[in-house]
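So the chains spell out like this:
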Amino acid sequence: MAGDVAIGMGQLDRFDEANRLLGDAAERIGQWSPLFRAQYLGRQIITTLRSGDVEFAGDRMNELARAIPFVSSARVNSRVVEILDASARWGRVQGMRAAREQLAAMRVPVARST
């Protein structure tokens, strides 16, 4: 429930509360579900990027990159693409550049139909 409330807080631009709740949700549910951990981390990253906290977003991106090998999810893959797009404008910031590279390296390629 905390994760759902946090998503709403983020949509209302209440970034501090949203990030705190999303972090709590990711940690609590992550004990049982790597998939939901990855989903909440992805939401937290988007919220953090919207707030302009590039350093924290980079930290969370590294955390998500470590979680990706444990999940198989089209939704998580889509969120990774969204994160890479949203973080591109900070791509020259050293910590962000490294986080983007790590996240991109762990991204699961989308299968193309022929």
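Each remark here, short or long, concerns the structure printed above.
Computed from a predicted structure; not experimentally measured.

This part covers the overall build of the chain. The helix and strand tally for the chain stands at six helices and zero strands. Ordered by position from N to C terminus, the α and β elements of the chain give α-α-α-α-α-α. Taken against the 2.2 N^0.38 rule, which gives 13 Å for 114 residues, the C-alpha radius of gyration of the chain at 13 Å falls within 12% of a compact globule. Relative to its full complement of 114 residues, the chain shows a buried share of 44%. Within the chain, contacts between residues separated by at least 24 positions form 56% of all contacts whose residues are at least 6 apart in sequence.

Now for helix H6 (residues 94–106). Between its terminal C-alpha atoms H6 stretches 19 Å, which fits the 18 Å expected from 13 residues at 1.5 Å a residue. Every buried residue of H6 is listed here: Met 96, Ala 99 and Leu 103. Seen along its axis, H6 keeps its buried residues to an arc of 65°; they face one direction. Away from the buried face of H6 by more than 90 degrees, exposed residues Gln 94, Glu 101 and Ala 105 are located.

Attention now goes to the environment of Glu 82. Structurally, Glu 82 can be placed in helix H5 (residues 74–87). Take Glu 82: its relative accessible area is 34%, and that puts it in the partly exposed class. Separated by 36 residues in sequence, Glu 82 and Ile 46 place their C-alpha atoms 8.1 Å apart.

Relative to the assigned elements, Gln 39 resides in helix H3 (residues 34–51). The residues touching Gln 39, leaving out its near neighbours within four places in the chain, are Ser 73, Arg 75 and Val 76.

Moving on, we get to the pattern of salt bridges. Enumeration over the complete set of coordinates arrives at five salt bridges. As a salt-bridge pair, Asp 59 and Arg 60 come within 3.4 Å of each other at their nearest N and O atoms. For Asp 59, a relative accessible area of 37% gives the class partly exposed.

Calculation criteria
Residues numbered from 1 in each chain as written. Predicted model: local features only at pLDDT ≥ 70, side-chain atom pairs only at ≥ 80, totals over all residues. Heavy atoms only, no water. Helix = DSSP H or I, 4+ residues; strand = E, 2+ residues; numbered from the N terminus. Rg over C-alpha atoms; globule rule 2.2 N^0.38 Å. Buried < 20%, exposed > 50% of the residue type's maximum accessible area, 1.4 Å probe, protein only. Contact = heavy atoms within 4.5 Å. Expected span 1.5 Å × (residues − 1). Arc of directions from axis to C-beta. Salt bridge = Lys/Arg side-chain N within 4 Å of Asp/Glu carboxyl O.

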